[in-house]
Amino acid sequence: MDLRIPVSCSPCSSIRPNRRNRASTLAMTAKSQLQMDSAVTSTQVPTHSVTVHDRKRGVVHTFSVPEDQYILHSAESQDISLPFACRHGCCTSCAVRIKSGQIRQPEALGISAELREKGYALLCVGFPSTDVEVETQDEDEVYWLQFGRYFARGPIDRDDYALELAMGDE
Ligand code: FES
């Protein structure tokens, strides 16, 4: 038994042009939507000028950062090298003092609310809310400000004898 349907009688032949038109319309709609999305993105997300005074290296970087991107990531994508370690807002290696402007940092777990209010920020999880000028911190400055009070006797002196004993065990 032959089940073939003549092309001219095929129900598909009558809807093919419509499908093609619909697919073409959908493609155009998708393309238009993409164009609109990119236009919306470029107009809705402001970009800010960020200036970082890297005190340790003695250089000043000025670069643009969209308001929805981390400052550290954006700097790296522009071949600008800044201090960092964990990249997750925990270690304070990327901490800076804000000289002017504002940085939004909802994920900055490594810095206390008190230090944030005093103008410290973490670049790895910081978004610029305005044009910003910052300077890198002294080594361990934020760490000490945040945790120093827990070390009642101040920083721990290096104990070479204890170090020697520890190395001897390995
Ligand atoms: S790199 Fe560790 S807190 Fe930013």
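Per an unreviewed UniProt entry, the protein chain goes by Ferredoxin and derives from Acorus calamus. Quoted verbatim from the Sequence similarities (unreviewed entry) field of UniProt, the annotation for the protein chain is "Belongs to the 2Fe2S plant-type ferredoxin family." UniProt's Subcellular location (unreviewed entry) comment on the protein chain is quoted here verbatim: "Plastid, Chloroplast".

Counting its secondary structure elements, the protein chain contains 5 helices and 7 strands. Walking the protein chain from its N terminus toward its C terminus, one meets helices and strands in the order α-β-β-α-β-β-α-β-β-β-α-α. The burial tally for the protein chain puts 21% of its 170 residues in the buried class. Put simply, 55% of the contacts in the protein chain that link residues at least 6 apart link residues at least 24 apart.

Spatial strand order, E2-E1-E7-E3-E5: 5 strands in an open sheet with mixed pairing. Single-partner strands in this sheet number two, and they are strand E2 (59-66) and strand E5 (120-122). Each neighbouring strand pair of the sheet contributes to a mean axis angle of 35°, computed without reference to strand direction. In terms of strand pairing, strand E1 (residues 47-54) meets E2 through 8 bridges, oriented antiparallel. Residue pairing in the sheet places Ser49 in a bridge with Ser64 of E2.

Ranked by size, the top nonpolar core spans 24 residues in total, and within it Leu122 and Leu123 carry the most contacts. Secondary structure elements with two or more residues in this core: E1, helix H2 (71-77), strand E3 (95-100), E5 and strand E7 (132-136). Other than its neighbours up to four places away in sequence, Leu123 contacts Ile71, Leu72, Leu82, Cys94 and Val96.

This next bit is on the environment of Val142. Position of Val142 relative to the elements: it lies in helix H4 (residues 141-147). Distance from Val142 to Leu115, taken between C-alpha atoms, is 8.0 Å for residues 27 residues apart in sequence.

Moving on, we come to unusual backbone geometry. Although it is not a glycine, Arg87 adopts a positive phi angle of roughly 65°. When you line up the elements, Arg87 lands in the loop between H2 and E3. Phi angles above zero are rare outside glycine, and Thr92 is one such case at about 75°. Residue placement: Thr92 occurs in the loop between H2 and E3. According to the C-beta neighbour criterion, Thr92 is buried, with 24 such atoms within 10 Å.

Criteria and thresholds
- Residues numbered from 1 in each chain as written.
- Predicted model: local features only at pLDDT ≥ 70, side-chain atom pairs only at ≥ 80, totals over all residues.
- UniProt positions renumbered as here; feature names shortened; annotations may be inferred.
- Helix = DSSP H or I, 4+ residues; strand = E, 2+ residues; numbered from the N terminus.
- Buried ≥ 20, exposed ≤ 12 C-beta atoms within 10 Å, placed from the backbone.
- Contact = placed C-beta atoms within 7 Å.
- Pairing = 2+ DSSP bridges.
- Axes fitted to C-alpha atoms, helices over the stretch in contact; angles between N-to-C directions.
- Core = buried A, V, L, I, M, F, W, Y, C linked by C-beta atoms within 7 Å.

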